[in-house]
There are 2 protein chains.
Amino acid sequence: MTARRGRPAGASTTRANILGAARAEFSERGYDTATVRGIATVAGVDPAMIHHFFGTKEKLFLATVDLPVDPQTELRAVLTGSTDDLGSRLAARFLEVWDSPAGSAGVALLRTSLQHEWSAKLLREFLLVRALRPIIHTIHTDPTEAAWRAGLIATQLVGLVVARYVLKLEPVASADRAELAASIAPTIQRYLTGTV
Amino acid sequence: MTARRGRPAGASTTRANILGAARAEFSERGYDTATVRGIATVAGVDPAMIHHFFGTKEKLFLATVDLPVDPQTELRAVLTGSTDDLGSRLAARFLEVWDSPAGSAGVALLRTSLQHEWSAKLLREFLLVRALRPIIHTIHTDPTEAAWRAGLIATQLVGLVVARYVLKLEPVASADRAELAASIAPTIQRYLTGTV
DNA sequence: CGGATAATTCAACAAGCGTTGAATTAGGAG
DNA sequence: CTCCTAATTCAACGCTTGTTGAATTATCCG
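These numbers were taken from a predicted model, which means no experiment stands behind them.

1. Details of the environment of A:Ser113
1) Next: Here A:Ser113 shows up in helix α7 (residues 102-113).
2) Next: Between the alpha carbons of A:Ser113 and A:Arg190 there is a distance of 28 Å; along the sequence they are 77 residues apart.
3) Next: Not counting residues within four places of it along the chain, the set of residues in contact with A:Ser113 comprises A:Ser119, A:Ala120, A:Leu123 and B:Leu167.

Laid out in structure tokens, this is it:
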């Protein structure tokens with residue numbers, strides 16, 4: 001317990017430990033509610049280390065949220081195939097990503113976005129402009145219509161994430177991923193190609 | 001500016017002022033981010049008044065969130081009529097309520113629920129047990145199926161609220177209420193009576 | 001008119017926050 | 001072997017927070 005002062009022997013994993021702890025704390029509590037001291041405790045290091053490696057709490061958050069998922073790659077994968085079951089593929093892949101460890105960075109971003117405009121801006125930009133609109137643009141060329149459909153899809157997907165990962169509404173929270181995807185898919189499909 | 005000490009002359013609206021300011025601040029910022037001092041400033045009173053009237057910050061929040069909407073009454077109104085367009089009526093009435101001043105109390109509750117388990121519990125209880133499941137129970141008597149359908153509807157409705165009022169995703173945020181309700185209605189209807 | 005009560009301001013408290021600077025120790029370069 | 005740099009702990013700072021108690025003034029009941 002009485003940690004010795006000064007640099008310890010051997011290689012250091014402190015930086016990675018902090019990032020892991022930060023991802024966990026930010027995604028559980030959101031930006032303000034998570035504390036630098038709390039993250040340091042979880043990581044098992046002195047709070048000063050966080051400033052040593054990341055400068056400020058905000059920079060740590062941005063490092064935490066620097067998504068390990070490349071939207072471009074994801075998009076291309078989902079877009080190959082018929083548009084008839086695009087809703088199904090999109091729903092399935094979406095849940096896969098959010099169920100993965102990468103999802104917790106997303107939850108951190110979402111939780112914080114519900115509290116801070118600067119974070120909400122990041123999320124809007126990512127969700128609409130970078131992810132959804134490009135998909136829809138391959139189906140509907142009219143930008144107004146594409147934006148409207150993208151917005152509708154966003155309501156369903158955001159609601160899914162909030163209900164499953166943040167509010168933990170049962171039975172959605174513990175539902176089987178495939179079953180949930182199957183139930184949501186027709187909704188996405190209608191927003192993509194149906195009457196709206 | 002130099003407010004005189006002691007009780008002022010005339011009737012007092014302070015209590016109501018505080019409640020109004022609290023609703024605004026809580027719904028804009030969420031529970032922790034909103035401060036007692038900030039609410040007092042908006043209300044134009046001393047912070048001590050808040051404790052005088054409400055005791056603690058948490059009690060003030062609960063008073064703020066004591067919804068001015070009676071779910072029982074709302075339910076009966078929505079449930080009268082054919083089940084074929086129940087989704088449509090539900091979507092329309094839902095948006096009406098959230099567009100009304102009563103909605104900002106809801107947004108406060110939601111924002112806080114994304115941060116605090118005790119608030120999430122309130123919201124879950126309200127949303128699922130008190131609001132959605134009773135509706136579905138009138139259609140499907142199997143409790144497992146009813147719970148599943150209620151969960152699905154919750155994902156769509158929660159997502160609608162988060163996108164429109166919290167994240168302010170365009171074009172959903174400024175969309176015409178009726179048009180938005182019409183686009184969402186088929187989704188609700190399928191979750192109510194369709195194949196899931 | 002007198003006394004209880006309610007409304008208000010002010011000043012201060014303890015606790016928790018993010019952040020900083022100095023001290024200490026190890027590793028690596030020349 | 002000797003510096004320089006990087007990693008770490010510790011102690012403290014200034015700030016903001018929720019909350020409290022005393023002082024002050026008006027209203028209301030008898």
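More follows now that the structure is in view.
2. Considerations on the interface of chain A and chain B
1) Next: Taken together, the 42 residues of chain A in the interface contact 42 residues of chain B.
2) Next: Taken together, both faces of the contact between chain A and chain B bury some 3,400 Å²; the carbon and sulfur share is 66%.
3) Next: It is A:Leu114, A:Trp148 and A:Leu167 in chain A that bury the most area against chain B; as a group they hold 20% of the surface buried on that side.
4) Next: At the boundary of chain A and chain B, one finds 0 salt bridges.
5) Next: Applying the counting rule to chain A against chain B returns 18 residue pairs in polar contact (both at pLDDT 80 or more).
6) Next: Tallying contributions element by element places helix α9 (residues 143-166) of chain A first for the side of chain A that touches chain B, with 13 residues.
7) Next: For the side of chain A that touches chain B, a count of residues per class yields 24 nonpolar, 9 polar and 9 charged.

3. So, the relation of the copies chain A and chain B
1) Next: In screw terms, the move from chain A to chain B is a rotation of 180° and a rise of 0.0 Å along the axis, fitting with an RMSD of 0.1 Å. Classification of the inter-copy transformation places it as that of a two-fold axis. Within chain A, A:Gly159 has its C-alpha nearest the rotation axis, a separation of 1.6 Å.
2) Next: Interface overlap between copies: 100% of the residues of chain A at the interface are likewise at the interface in chain B, consistent with a symmetric, same-surface contact.

4. Some words on helix α5 (residues 71-79) of chain B
Residue and element names in this part refer to chain B.
1) Next: Among all positions of α5, only Pro71, Leu75 and Val78 are buried. What you see down the axis of α5 is that its buried residues fit within an arc of 70°, all on one side. Turned more than 90 degrees away from the buried face of α5, the exposed residues are Arg76 and Ala77.
2) Next: In this fold, the buried residues of α5 make contact with α6 (86-99) and α8 (117-137).
3) Next: Directly beyond the C-terminal end of α5, a positive phi value near 130° is found at Gly81.

5. Focus: unusual backbone geometry
All names here are of chain A.
1) Next: Cis geometry is found at the peptide bond from Glu170 to Pro171, where omega equals 5°.
2) Next: Note on placement: Pro171 falls in the loop between α9 and α10 (177-193).
3) Next: The phi angle at Lys168 is positive, at roughly 55°, despite the residue not being glycine.
4) Next: Locating Lys168 in the fold gives a position in the loop between α9 and α10.
5) Next: Look at Lys168 and you get partly exposed, because its relative accessible area is 49%.

6. What to know about the packing of aromatic side chains
How two aromatic rings sit relative to each other is given by the distance of their centres and the angle of their planes.
Residue and element names in this part refer to chain A.
1) Next: Summed over all chains, the structure comprises 14 aromatic pairs over all chains.
2) Next: Where Phe26 meets Tyr31, the ring centres are 5.8 Å apart and the plane angle is 10°; that geometry is what we call stacked. Of the two residues, Phe26 and Tyr31, neither departs from the other in class, the shared state being buried.
3) Next: Here a set of aromatic residues connected by ring pairs shows up, and it is made of Phe26, Tyr31, Phe61 and Trp118.
4) Next: Over the ring of Tyr31 we find Lys57, and its NZ or CZ is 4.7 Å from the ring centre.

7. A closer look at helix α1 (residues 14-29) of chain A
Residue and element names in this part refer to chain A.
1) Next: Here α1 is 16 residues long and its end C-alpha atoms lie 22 Å apart, about the 22 Å a rise of 1.5 Å per residue gives.
2) Next: All of the buried residues in α1 are Thr14, Ile18, Leu19, Ala21, Ala22, Glu25, Phe26 and Ser27.
3) Next: For α1, the elements touching its buried residues are α2 (36-43), α3 (47-54), α4 (57-65) and α7.

8. Things to note about the side chain of A:Gln115
1) Next: Assignment of secondary structure puts A:Gln115 in the loop between α7 and α8 (117-137).
2) Next: A:Gln115 gets classed as buried once you look at its relative accessible area, which sits at 9%.
3) Next: A distance of 2.8 Å separates polar atoms of two side chains, one belonging to A:Gln115 and the other to A:Asp32.
4) Next: At a separation of 2.7 Å, a polar atom in the side chain of A:Gln115 contacts the side chain of B:Thr33.
5) Next: Ignoring any residue separated from it by four or fewer positions in sequence, one finds A:Gln115 in contact with A:Tyr31, A:Asp32, A:Thr33, B:Arg29, B:Thr33 and B:Gln115.

9. Some thoughts on the domain arrangement of chain A
All names here are of chain A.
1) Next: By domain assignment, chain A separates into domain 1 (14-65) and domain 2 (71-193).
2) Next: Between domain 1 and domain 2, the residue contacts involve 13 residues of the former and 12 residues of the latter.
3) Next: Counting the surface lost from both domain 1 and domain 2, the interface buries some 980 Å², and carbon and sulfur atoms represent 64% of this.
4) Next: At the boundary of domain 1 with domain 2, the tally comes to 0 salt bridges.
5) Next: Remark: the boundary between domain 1 and domain 2 carries 5 residue pairs in polar contact (both at pLDDT 80 or more).

10. Regarding the pattern of salt bridges
1) Next: The tally for this structure, following the rule as stated, stands at 14 salt bridges over all chains.
2) Next: Salt-bridge contacts for A:Glu25 lead to A:Arg29; the nearest nitrogen and oxygen are separated by 3.2 Å. Note that A:Glu25 and A:Arg29 are positioned in helix α1 at a spacing of 4 residues, about one turn of the helix.
3) Next: The class of A:Glu25 is buried, set by a relative accessible area of 8%.
4) Next: B:Arg89 is the salt-bridge partner of B:Asp85, the closest N and O atoms lying 2.8 Å from each other.
5) Next: Several salt bridges converge on common partners, so that one network encompasses A:Asp99, A:Arg164 and A:Arg177.

Quick notes on the rules
- Residues numbered from 1 in each chain as written.
- Chains lettered and ligands numbered in written order.
- Predicted model: local features only at pLDDT ≥ 70, side-chain atom pairs only at ≥ 80, totals over all residues.
- Heavy atoms only, no water.
- Helix = DSSP H or I, 4+ residues; strand = E, 2+ residues; numbered from the N terminus.
- Contact = heavy atoms within 4.5 Å.
- Buried area = accessible area lost by both parts, 1.4 Å probe.
- Salt bridge = Lys/Arg side-chain N within 4 Å of Asp/Glu carboxyl O.
- Polar contact = N/O pair within 3.5 Å; in protein donor to acceptor, adjacent residues only side chain to side chain.
- Nonpolar A, V, L, I, M, F, W, Y, C, P; charged D, E, K, R; others polar.
- Least-squares fit on C-alpha atoms with pLDDT ≥ 70 in both.
- Buried < 20%, exposed > 50% of the residue type's maximum accessible area, 1.4 Å probe, protein only.
- Arc of directions from axis to C-beta.
- Phe/Tyr/Trp six-rings, centres within 6.5 Å; stacked < 30°, edge-to-face > 60°.
- Lys NZ or Arg CZ within 6 Å of the ring centre and 35° of its normal.
- Expected span 1.5 Å × (residues − 1).
- Domains from an automatic or database assignment.

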